Every structure is written in C-alpha cells, then in structure tokens.
Amino acid sequence: MAATTSIAVEETPLVLQLLSRADDALILGHRLSEWTGHAPMLEEELALANIALDLIGQARALYGYAGTFTGHTEDELAYLRDVPAWRNCLIVELPNGDFAFSIVRLLLVSAFVDPFWRASAASTDSTIAAIAAKAEKETSYHLRHAAEWLIRLGDGTAESHRRAQTALDDLWPYTGELFTDLASDAGMVPDPISLRNTWNATIDSVLARATLVRPSDGWMQSGGRIGRHTEHLGHLLAEMQFLQRAYPGATW
Amino acid sequence: MVDAESLRERAVAALEAITDPEIPVLTITDLGILRDVSVRDGVVEVTITPTYSGCPAMNMITLEIETALARAGIKARVRTSLSPAWTTDWLTDDARRKLAAFGIAPPEHAASRRALFGETRPACPQCGSADTEQISEFGSTACKSLHRCRTCREPFDAFKCH
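So, here's what we can say about the structure. All values reported here derive from a predicted model rather than from experimental measurement.

Topic: the overall build of chain A
Right, on to step 1. A count of helices and strands for chain A gives 10 helices and zero strands.
Right, on to step 2. Relative to a compact globule of 252 residues, whose C-alpha radius of gyration would be 18 Å, chain A shows 18 Å and is just as compact.
Right, on to step 3. Dimensions of chain A, computed from the C-alpha atoms along their principal axes, are close to 60 × 40 × 35 Å.
Right, on to step 4. In chain A, which comprises 252 residues, the share counted as buried stands at 48%.
Right, on to step 5. Counting only contacts in chain A whose residues sit at least 6 apart along the sequence, the fraction spanning at least 24 positions is 78%.

Here it is, written out as structure tokens:
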C-alpha cells in the first residue's frame, strides 16, 4: 500500500487547542533553528539552538497527546499536514529577519507562552498539566534570554536601537493573535485574555529598560488559528516536510 | 514462573551502571531520570523522565536501558513520564560532588522560579573562587549554562537550576 502523503485531522476543541500550542512551538523552534550557522556569535548560536530544542520537545509532547485522540503520530502531524491545516499564530512563521527581529519576536511570544504554561500547570487535564509544568520551566529561560538581549539592543548603539525599534513596530500588529480565545473546556487552559495584563507588564518593563517605545495598538493581523497563513509558512513547510513528501513513509 | 521481586532486583542491578551520555560521571539514578522499575505479567516496566522537553539524550538512554536489560535476559518496556516534572532538587549529594569533581558546577540552591532579570554566579569548580561571571544561560547541553572564572580565567559549565 502506498504511504500517505497528506492527512486530514478531525479537530475537537481539545485537539484544536493542542495543535495550536504545538504548532506555535514547532514553527518558532524551526525558525530559531535556522539561526544555526548564522548567529552573531558562537554562544548565541548555542542559546538559540537550545531554545529551539526545548520548543520542539514541547511540540512533540503536545502532538503525542493530540495523537491519542486523532490516531496520528507526532511525525504525521508535523510532516503530513498542508498549510491550511496548521493552527499556529502568524507571528511565529514570519521569516527571521535580522537578529533584532528574531529577538523581539522571541520576547513577544515568550511573554505570553511563559505565563500560559505556568497557569496551565493547574489544568484539570492531567496530561496538559504535566506538559505545562515542564514547559514553563523552559519558557522562563527563553523569556529572560530574549529580555536581556532586547535591553542590550535597545539601549545599545544607535544602529541596534533603530533595528530593535523597527522590529518592534513591524511585529506589533501580530501580537493581537496571541490572545485568540480557542473556546476550550473550562479549567483546561487559561483564557488567553486573562494573561493580557501579565503580558503587558512584562513587555512594558523590558521596553522601558531597553529605551524602546511601545507601539500603539491598532489593527491586528489574524488568521493563523483558522489556517489562513502568510506565504512564508508554505516555504517553511516545503523545507521541513521535504523528506516525507519526496519519500513518503521513509523511516530511519 | 519467575518471582517478580527477584526479577525486579535483577533489573535494577542491570540499570545501575547506565550513565547519562552527556555527563558520563552520573548514572541515570544519580540524575533522577530513572523514576521507577516495576514488574507486570513477567515484563519489567522502566519509567524515565526527561530533564528537558527536548533532551536529545532520552532516545539514547532508552536504547541503553533496553540493551542492558536484554543483555541480562530480561524482557522490558520503557515508558516516559512527564509528571512530576524533573527538577535539579532530585540530584543526590553524591551526584553534586561527582559533578564538581568532573568540572561542572552543581546547581547550588533549590529550584525556584527565576526572576526576569539577574544572573547566577556559581563557584568555579576548578579553583573554588566565588568571583565568576555568566557567559550564557545556554551551554553545550540543554541542562547546562556557561560561565567564566575571574580568578583562574578558566571557562566552565554549570548545571542549571531547574
């Protein structure tokens, strides 16, 4: 029998929740891994690769759990879904840009994801609680790392300040989507809106130290959670899924 | 019919020598990665927990457990459990001494939530000086950070509090 090259996933609210969090982690992890060989210094290359590894590990745990409801393995979920089936926020799929862009993105996302997992450690679902308790220890390091860097970039040279502010202005319209309510069962994960104040406080405190100006909240981009993605995700998947597309069912 | 308790004891003995592939001075028991060994219907079930979600050593550790038990003629299954989440608080005192002797600064204090700012300054495992600086919170493996001693000028790894 020929191996499957594409799967359709039946999305219950719980599966949608798991896929959204897993896709955010995997796609951001993939973007960070693209820095390997290109980071401004060796220590930073190690750091970004380490963060990518944590995120991909978190995605694996979430896909594994989603698989118990959908019957698909973690590899099938990662390698055999086409663009419209991906549930990640648009912010994580944008190309890396310059170093400032990648760091600002890591901060904006981590400032949400870290308290999200911390609160999810009290989930009524014991598997989500276990994944969250593990993830939040890791995301607290990611948040610190991004924050420390942004302070150095923003409060650094005129050029690093300019690039950091530009990245912040460009990424800001993508932050609204982080707070999309995925209508989960009560007690499963926190309502993202409830994390808004925590997120605001973290961002404001880092931006003040970084001497950067918080952009005003205007029109916000969205669509990722319902599979309406930027053109960039297709290019990313073309690379990430190449092997399973070219050699369906290949294992090693 | 093999006695379950003696089978379990044989399995535990076979697992004793398995070390972490990244930190060969520590066994998986020292690290708290090995959580449980039990026997169900004549099959040994070994439960391990990852240090970090994406720790790439987990596959190798699983393989080493399966190999060690197969060598001892024991049928086994390895399962991974995430809960309770692994913490450096599970490192035994003996493990901390072995780490320091190996040149890796052990985690100093009980794991707690990190503040958004600030850095840790473990004592240098080479010369013992407390005058050290952090180079990066991310080191050569997921569980280590990178530091430098201002006294002996040597760089060193530290096991991250987690």
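A word on unusual backbone geometry
Residues and elements named next belong to chain B.
Right, on to step 1. A cis amide bond links serine 83 to the next residue, proline 84, at an omega of 0°.
Right, on to step 2. For proline 84, the position within the fold is in the loop between strand E3 (76-80) and helix H4 (93-102).
Right, on to step 3. You will see that arginine 153, though not glycine, has its phi angle at about 70°, which is positive.
Right, on to step 4. Tracing the sequence through the fold places arginine 153 in the loop between strand E6 (144-149) and strand E7 (155-159).

Looking at the sheet that holds E7(B)
Residue and element names in this part refer to chain B.
Right, on to step 1. Pairing is mixed in the open sheet, where four strands are placed in the order E4-E7-E6-E5. Both outer strands of the open sheet, strand E4 (104-105) and strand E5 (132-136), are each paired with one neighbouring strand and no more.
Right, on to step 2. By the bridge criterion, four bridges tie E5 to E6 in an arrangement that is antiparallel. Note that in E6 the partner of glutamine 134 across the bridge is histidine 147.

About the cut-offs
Residues numbered from 1 in each chain as written. Chains lettered and ligands numbered in written order. Predicted model: local features only at pLDDT ≥ 70, side-chain atom pairs only at ≥ 80, totals over all residues. Helix = DSSP H or I, 4+ residues; strand = E, 2+ residues; numbered from the N terminus. Rg over C-alpha atoms; globule rule 2.2 N^0.38 Å. Buried ≥ 20, exposed ≤ 12 C-beta atoms within 10 Å, placed from the backbone. Contact = placed C-beta atoms within 7 Å. Pairing = 2+ DSSP bridges.

Keep in mind that these numbers describe shape and distance, not what the molecule does.
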